[in-house]
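Summary of the model geometry
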Amino acid sequence: MKLLNAFPKYHKQNVVSHYCPGCGHGIVHRLVAELLEEMDLGKRTVCVNPAGCAVLAYKYLDIDMLESAHGRGTAMATGIKRVRPDLFVFTYQGDGDLAAIGTAETIHSANRGEHICVIFINNAVYGMTGGQMAPTTLLGMKTTTSPGGRNPRFEGYPLHITDVVASFPGVVYAERVAVNGPAAVQKTKKAIRTAFQCQVDGQGYSIIEVLSPCPTNWKKTPKESFEWVSEVMMKEFPLGVLTDKRGGGA
Amino acid sequence: MFLQSESETAAINMVIGASAVGARVMTSSSSPGISLKQEGISFLAGFQLPAVIVNVMRGGPGLGNIAPAQGDYFQATRGGGHGDYRTPVLAPASVQEVADLTYKAFDIADHYRTPVMILGDGMLGQMKEPVVFPEPIAKLPEKDWALHGRGDGPSRYLASLILDTTEMERHNWMLVRKYQEITANETSWEEYMTQDAQIVAVAYGTTARIAKAAIKRVRKDGVPVGLIRPITLWPFPTPALQELARRVNSFVVFEMSTGQMLEDVLLSLEGKGTVHFHGRPGGVVPTPAEFARILYREYQLKVKASS
């Protein structure tokens, strides 16, 4: 008899999550763990995890991991992949990490077309530090550092970093997905599978942006947060494949 | 393998990544770039990852200039980045020694699992001298801690985040024990004409070479000066200075800064003897004649006057 709710092989067993109820991190962790098993990658994987809530991802993912300083994940992943091209290397980063402090590393690793995968969790706020404005915060959205709502006159516009890197020749695959419902989760798994396959096939850099709920900092219930992703966030960040330059293999 | 990065910040983090999977890896920059690398050097210390960082010092602060200087001594020897750690610092004074100490830096880094800094200056960085390369070591040390995918074993995690305060304290004391071991085993210095010296000059790197030339001059006039040249700036050769202080009363510190190593000399001497400082900051390279004048004067004031 098969235990249907068992954790996948590369997810630690019987762990209690520190993530808030309704947070998207746990869902994406599980998808990653499932794919590493299904694609037979877990044994040769090194994951670079970020500063932010997912700094504790090592408590859940049962693979070799390297902690990164805030924003530096793709530079570290570059170092790993360049000296050990046989390893499967991915970074797991939030929007504060990837799109603010790590913008330069994100842009240049993508522009070099490093053979790495980037899992980009976009929840439109700085989660761990208490819900400050992120580069991805929506216009009008209230955060602790934009209490009157984000005003483009003073705080600029939501940064579409995935669209930026998708325009680079070295970025083979970029897709924006969400995890606010069973169908969305399945699409996210498919997208991450495609991204992982790009590296396996030696095609190059891939990035999957996941719109992910943060009920605690959005001051919403999990259900409201899931709805808000569809009704508000997707208007600013539409889902879909942003680039697909996969060819016949390297 | 060589990889050009977009920034010093990215470079040091590429180094962290490569080191984490077991590669021997180094990065090089000049003063302002080293400030940018300090974040990563702190992480290397926390992760206990080996790496070699070369700083070819230039005039500062800020952009300063691109002339030889020694103003980054504090930054190099006091850790440099945030947190409670030390970085072994090797200070070559010739191109041959640049080569020798680079080999040694990698060995120290691997043996103690620590970042190691090679601290040169703009003079050494642009100097051409013949070099005999040391024999490469036949077999690199095993790195059983390196990440390479978990394989069939348990997963591993390299981290500097230790949220539990007592665990963090234990980690810090463990690092201290490592630094004590490095201090006991790796402290190195050169003594030059100290046997009969009544005045001892203290200088490192390019400044030490200039001091040697000055000492040769004053020795011709019978002025008994010697030199102690720290090769490791951290750990500092305190035992050598304390030993000399048993019979020498007069020390002269030469630096291309406003007085940074001076503080380590004062700490090492613990109040024994007198210490005179002569420094030229800002990229000005002092001359042997200039140092010789200082040594003649020191001899007249301190040694002849009291004899």
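Residues numbered from 1 in each chain as written. Chains lettered and ligands numbered in written order. Predicted model: local features only at pLDDT ≥ 70, side-chain atom pairs only at ≥ 80, totals over all residues.

1. A short note on the overall build of chain A
Along its length, chain A carries 9 helices and 9 strands. Its C-alpha radius of gyration of 17 Å places chain A within 12% of the 18 Å reference for a compact globule of 250 residues. Its C-alpha atoms give chain A principal-axis dimensions of roughly 50 × 45 × 30 Å. Split into buried and exposed, the 250 residues of chain A put 56% on the buried side. (Helix = DSSP H or I, 4+ residues; strand = E, 2+ residues; numbered from the N terminus. Rg over C-alpha atoms; globule rule 2.2 N^0.38 Å. Buried ≥ 20, exposed ≤ 12 C-beta atoms within 10 Å, placed from the backbone.)

2. Remarks on the overall build of chain B
Counting secondary structure elements, chain B contains 10 helices and 11 strands. In terms of overall size, chain B behaves like a compact globule, its C-alpha atoms giving a radius of gyration of 21 Å where 307 residues would be expected to give roughly 19 Å. In terms of overall dimensions, chain B has a C-alpha envelope of 75 × 40 × 40 Å along the principal axes. Taking all 307 residues of chain B together, 48% fall into the buried category. Across chain B, the fraction of contacts at a sequence separation of at least 24, relative to all contacts at a separation of at least 6, is 77%. (Contact = placed C-beta atoms within 7 Å.)

3. As for the domain arrangement of chain B
Residues and elements named next belong to chain B. Domain annotation of chain B identifies domain 1 (8-186) and domain 2 (189-304). Listed by partner, the interface residues are 28 residues for domain 1 and 22 residues for domain 2. Per-element accounting of the side of domain 1 that touches domain 2 gives the leading share, 4 residues, to helix 3 (residues 73-77). Residues belonging to the side of domain 1 that touches domain 2 are distributed by class as follows: 16 nonpolar, 8 polar and 4 charged. (Domains from an automatic or database assignment. Nonpolar A, V, L, I, M, F, W, Y, C, P; charged D, E, K, R; others polar.)

4. Some words on the interface of chain A and chain B
With 27 residues of chain A at the interface, the matching set in chain B holds 31 residues. Elements with a minimum of two residues in the side of chain A that touches chain B: strand 1 (45-49), strand 2 (64-67), helix 2 (73-83) and helix 4 (103-111) of chain A. When its residues are assigned to classes, the side of chain A that touches chain B shows 14 nonpolar, 4 polar and 9 charged. Across 2 bridges, strand 2 of chain A lies against strand 5 (residues 157-158) of chain B in parallel orientation. (Pairing = 2+ DSSP bridges.)

5. Some points on the sheet that holds strand 3 (residues 88-94) of chain A
Here we have 8 strands laid out as an open sheet, ordered 9(A)-7(A)-8(A)-4(A)-3(A)-1(A)-2(A)-5(B), and mixed in their pairing. Whereas interior strands pair on both sides, the edge strands pair on one side only; in this sheet they are strand 9 (240-244) of chain A together with strand 5 of chain B. In terms of strand pairing, strand 7 (residues 171-178) of chain A meets strand 8 (residues 205-211) of chain A through 7 bridges, oriented parallel. Bridge assignment links Tyr173(A) to a residue of strand 8 of chain A, and that residue is Ser206(A).

6. With respect to the sheet that holds strand 7 (residues 199-202) of chain B
All names here are of chain B. The strand order across the open sheet built from 5 strands is 6-8-7-10-11, with neighbouring strands paired in mixed fashion. A single partner strand is all that each edge strand has here, and the edge strands are strand 6 (189-192) and strand 11 (274-279). Put simply, the sheet's adjacent strands are angled 20° from each other on average, direction ignored. Sheet topology note: the strand 10 (residues 250-255)/strand 11 ladder contains 6 bridges and is parallel. In the sheet register, Val253 faces strand 11, and the bridge partner there is Phe277. Contacts from helix 8 (residues 238-245) reach strand 6, strand 7 and strand 8 (225-230) within the one sheet, and its direction differs from that of strand 8 by about 160°. Packing of helix 9 (residues 261-269) onto the sheet brings it into contact with strand 7, strand 10 and strand 11, and relative to strand 10 it is tilted by some 160°. (Axes fitted to C-alpha atoms, helices over the stretch in contact; angles between N-to-C directions.)

7. Quick notes on the nonpolar core
Counting 163 residues, the largest nonpolar core has Ile119(A), Ala201(B) and Leu295(B) as its most contacted members. Broken down by element, the residue count for this core peaks at 8 residues, all from helix 1 (residues 8-20) of chain B. The residue makeup of this core includes at least three contributed by each of domain 1 (8-186) and domain 2 (189-304) of chain B. In contact with Leu295(B), not counting residues within four places along its chain, are Ile199(B), Ala201(B), Ala214(B), Val218(B), Val223(B), Val225(B) and Val252(B). (Core = buried A, V, L, I, M, F, W, Y, C linked by C-beta atoms within 7 Å.)

8. Overview of the pairing of strand 7 of chain A
Across a regular strand the side chains alternate sides, sitting on one face of the sheet and then on the other. Burial analysis of strand 7 of chain A places 8 of its 8 residues in the buried class, which makes it a mostly covered element. Tracing the backbone out of strand 7 of chain A, into helix 7 (residues 182-200) of chain A and back to the parallel element strand 8 of chain A gives a crossover that is right-handed. (Right-handed = clockwise from strand over helix to strand, strands pointing away.)

9. Remarks on the pairing of strand 4 (residues 117-122) of chain A
Residue and element names in this part refer to chain A. Counting buried positions over the 6 residues of strand 4 gives 6, a clear majority of the element. The alternating pattern of strand 4 places Cys117, Ile119 and Ile121 and Val118, Phe120 and Asn122 on opposite faces, both of which are buried. Taken together, the 5 bridges between strand 3 and strand 4 define a ladder with parallel strand orientation. The residue bridging Tyr92 from the neighbouring strand is Ile119, located in strand 4. As defined by bridge partners, strand 4 adjoins strand 8 across 6 bridges and the pair is classed as parallel.

10. Brief notes about unusual backbone geometry
Pro61(B) follows Gly60(B) through a cis peptide bond whose omega is 10°. Look at the link from Trp234(B) to Pro235(B): it is a cis peptide, with omega at -5°. Even without being a glycine, Lys219(A) presents a positive backbone phi close to 60°. By the element assignment, Lys219(A) lies in the loop between helix 8 (215-218) and helix 9 (222-236). On the basis of neighbour counts, which here come to 12 C-beta atoms within 10 Å, the residue Lys219(A) falls in the exposed class.

11. Topic: helix 8 of chain B
For an α-helix the count is 3.6 residues per turn, leaving residues at separations of three or four pointing the same way. The complete set of buried residues in helix 8 of chain B reads Ala240(B), Leu241(B) and Leu244(B). Taken down its axis, helix 8 of chain B places every buried residue within 95° of arc, on the same side. (Arc of directions from axis to C-beta.)

12. Focus on the packing of helix 1 of chain B against helix 2 (residues 31-47) of chain B
Residue and element names in this part refer to chain B. Contact geometry for helix 1 and helix 2: axes closest at 7 Å, N-to-C directions at 25°. When the interaxial angle is binned, helix 1 and helix 2 end up roughly parallel. At the point where helix 1 passes helix 2, the crossing takes the right-handed sense. Contacts between helix 1 and helix 2 involve Glu8, Thr9, Ala11, Ile12, Asn13, Val15 and Ile16 from the first element and Gly33, Leu36, Lys37, Glu39, Gly40, Ile41, Phe43, Leu44 and Phe47 from the second. Broken down by class, the residue content of the contact of helix 1 with helix 2 amounts to 9 nonpolar, 4 polar and 3 charged. (Parallel < 35°, antiparallel > 145°, perpendicular 65-115°, else oblique. Left-handed = near helix turned anticlockwise from the far one by under 90°.)

13. Quick word on the packing of helix 8 of chain B against helix 9 of chain B
All names here are of chain B. Interhelical geometry of helix 8 versus helix 9 gives an angle of 60° and a closest axis separation of 9 Å. Accordingly, the angle class assigned to the pair helix 8 and helix 9 is oblique. Taken as a pair, helix 8 and helix 9 cross one another with a handedness that is right-handed. In this structure, helix 8 uses Thr238, Leu241, Gln242 and Ala245 to contact helix 9, whose residues at the interface are Val265, Ser268 and Leu269.

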